[in-house]
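# Overview (structure and organization)
The chain contents come next:
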Amino acid sequence: MAVSSSAPEREPVSAAIFKAIEALAARVSSQPLRLVLGCSGGVDSTVLLHALAEARGEFPLELRAVHVHHGLLAQADAWVEAVRSHCAALGVPLQVAYVRVQPDGKGLEAAARSARLRALAAVPGDALVLAQHRDDQAETVLFRLLRGSGVAGLAAMRQIAPAPLAGAAAPWWLRPFLDLPKETLIAWAQERGLSWVEDPSNMSADFTRNSLRGDILPRLEARLPGVRTVLARTAETMAEAQQGLDDLAALDDERVRNPQGGGDWAEFFRLPLHRQKNLVRWATLRLPALPPTQRRLEEGLRQAASPGGGVWRFPLGDAWLCARGERLWVEAAPQGCDAAWRCG
């Protein structure tokens, strides 16, 4: 499936679609490619829906869409109908996924995101296609920087990456528009007379991301023109740095591996502390789970370094750091785990 995405006659939206599909085709052998589009009905995903539908004329694609109904706003049913209308006009099958959002101490924004990701991960295909763009990338980098994220967090989103959830029905997640500014997508939609929905919650300053998007980033852009591009470029640099850290962790994993599984406790603690941390973060992300905070990770390693009998587990967040005898390993944590414990 070789098509040049750099042909001068291609507009930015079409060029981005072709580049992403070619990148996916290099990893997936199935024909036609089975793409699942996450479509909210906003301008970004509406443009992606129409652009992918156009691409079917040049690529062998099976395209279907999934819309996640969170049930949080009165407009939710109307959004379903708006997406259904676009899909029907384009001959794209639509699945509506109804989810329950349960904050459980995470906050509404984080809980809605988790529910949405689980719903999207359940839809089978070769790749889930999402409409995040350069401005979303810049926002993500800034948001994670303010939360104290490390290299992995600042690497933010990739144009093509393995699904972030274990057992996802679509093994690849594709973001064709990650190098494009939102204004390019809006212009494309306006040129074609497309309609889209507006989520009023995006205007609420109660959510940190909305404040960054609607207030902080515009102020930074006014003072430092091009700051969104700089932040997006930072994500690329961090992704390269993270690859180097991952390669080092893989080597350390080989070095400390225990024949019975996990790592050899003594060999692990012969590593310098920064490599111990790197290896635990790497193992956590491979579960996959969110990496632990610096403070939590340091406390877990401090306790794990103390000898003790039986099984020991320490919660890192979405994962446990575990030890028994001469073995040390990381495993997924059940809900409600909030303290270290040992059992003989």
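Residues numbered from 1 in each chain as written. Predicted model: local features only at pLDDT ≥ 70, side-chain atom pairs only at ≥ 80, totals over all residues. Heavy atoms only, no water.

## So, the side chain of Arg 134
Take Arg 134: it is sitting in helix α5 (residues 134–146). Within the structure, Arg 134 has its side chain in polar contact with the side chain of Asp 135 (distance 3.3 Å). Dropping the residues within four chain positions of it, Arg 134 is found in contact with Phe 177, Leu 178, Asp 179, Leu 180, Pro 181, Arg 228, Thr 229 and Ala 232. (Helix = DSSP H or I, 4+ residues; strand = E, 2+ residues; numbered from the N terminus. Polar contact = N/O pair within 3.5 Å; in protein donor to acceptor, adjacent residues only side chain to side chain. Contact = heavy atoms within 4.5 Å.)

## Quick word on the environment of Thr 237
The residue Thr 237 is located in helix α9 (residues 227–256) in this model. Taking C-alpha positions, Thr 237 is 7.3 Å from Ala 155, a pair spaced 82 residues apart along the chain.

## Some thoughts on the pattern of salt bridges
As enumerated under the stated definition, the model contains 20 salt bridges in all. Salt-bridge contacts for Asp 215 lead to Arg 219; the nearest nitrogen and oxygen are separated by 2.8 Å. Of this pair, Asp 215 and Arg 219 both sit in helix α8 (residues 208–223), 4 residues apart, roughly one helical turn. Judged by its relative accessible area of 60%, Arg 219 is exposed. Arg 302 is paired through a salt bridge with Glu 299; the nearest N and O atoms lie 2.6 Å apart. Of this pair, Arg 302 and Glu 299 both sit in helix α12 (residues 294–304), 3 residues apart, roughly one helical turn. On the basis of relative accessibility, which here comes to 27%, the residue Glu 299 falls in the partly exposed class. A cluster of three or more residues bridged by salt bridges with shared partners is formed by Glu 11, Glu 54, Glu 191 and Arg 192. (Salt bridge = Lys/Arg side-chain N within 4 Å of Asp/Glu carboxyl O. Buried < 20%, exposed > 50% of the residue type's maximum accessible area, 1.4 Å probe, protein only.)

## A short note on the sheet that holds strand β1 (residues 33–38)
Read across the sheet, 6 strands follow the order β3-β2-β1-β4-β6-β5 without closing on themselves; strand pairing throughout is mixed. At either margin of the open sheet sits one strand with a lone partner, and together these are β3 (94–98) and β5 (160–162). Going from strand to strand, the sheet's axes swing by 25° on average, the running direction of each strand aside. Sheet topology places strand β4 (residues 127–129) next to strand β6 (residues 172–174); 3 bridges connect them, and they run parallel. Counted as the bridge partner of Val 129 is Leu 174 from β6. The sheet strands contacting helix α2 (residues 43–55) are β1, β2 (61–69) and β4, and the helix crosses β1 at an angle near 160°. Those strands touched by helix α4 (residues 108–121) are β1, β2, β3, β4 and β6, and its axis lies near 150° from that of β2. (Pairing = 2+ DSSP bridges. Axes fitted to C-alpha atoms, helices over the stretch in contact; angles between N-to-C directions.)

## A short note on the nonpolar core
Within the largest apolar cluster, 39 residues are counted, with the highest numbers of intra-cluster contacts made by Ile 17, Leu 52 and Phe 177. Listing elements by their share of this core, those giving two or more residues are α1 (12–25), β1, α2, β2, α3 (76–90), β4 and α7 (182–191). With 9 residues, α1 is the largest single contributor of residues to this core. Ignoring any residue separated from it by four or fewer positions in sequence, one finds Leu 52 in contact with Ile 17, Ile 21, Leu 35, Leu 37, Leu 61, Leu 63 and Val 129. Within the second largest apolar cluster, 20 residues are counted, among which are Val 68, Ala 97, Ala 112 and Ala 119. (Core = buried A, V, L, I, M, F, W, Y, C linked by side-chain atoms within 4.5 Å.)

## Some thoughts on α9
In a regular helix each residue adds 1.5 Å, so 30 residues correspond to 44 Å; α9 covers 42 Å between its end C-alpha atoms and thus fits that length. The set of residues buried in α9 consists of Val 227, Arg 228, Leu 231, Ala 232, Ala 235, Met 238, Ala 239, Gln 242, Ala 249, Asp 252, Asp 253 and Val 256. Close packing links the buried residues of α9 with α5, α6 (151–154), α8, β7 (263–264), α10 (265–268) and α11 (273–285). (Expected span 1.5 Å × (residues − 1).)

## Some words on unusual backbone geometry
Here the bond from Gln 31 into Pro 32 is cis, since omega is -5°, no more than 30 degrees from zero. Tracing the chain through its elements places Pro 32 in the loop between α1 and β1. One non-glycine residue, Ala 156, lies in positive phi territory at about 55°. Looking at Ala 156, the relative accessible area reads 17%, which means it is buried.

## Here's the deal with the confidence of the model for the chain
Of the residues in the chain, 91% reach a pLDDT of 70 or more, and the chain-wide mean stands at 88. This model gives residues 1–8 a pLDDT under 50, and the stretch forms 19 contacts once residues within four places in sequence are excluded. Under a pLDDT of 50 for its full length, residues 340–344 has, in the predicted model, 19 contacts with residues more than four places off or in other chains. (pLDDT = per-residue confidence, 0-100.)

## What about the pairing of strand β10 (residues 327–332)?
Two elements, β7 and β10, share 2 bridges in a ladder whose sense is antiparallel. In the strand pairing of β10, Asp 264 is matched with Arg 327. In terms of strand pairing, strand β9 (residues 319–324) meets β10 through 6 bridges, oriented antiparallel. Within β10, the residue paired with Leu 321 across the bridge is Val 330. The turn linking β9 back onto β10 is made up of 2 residues, and Gly 325 within it adopts a positive phi angle of 60°.

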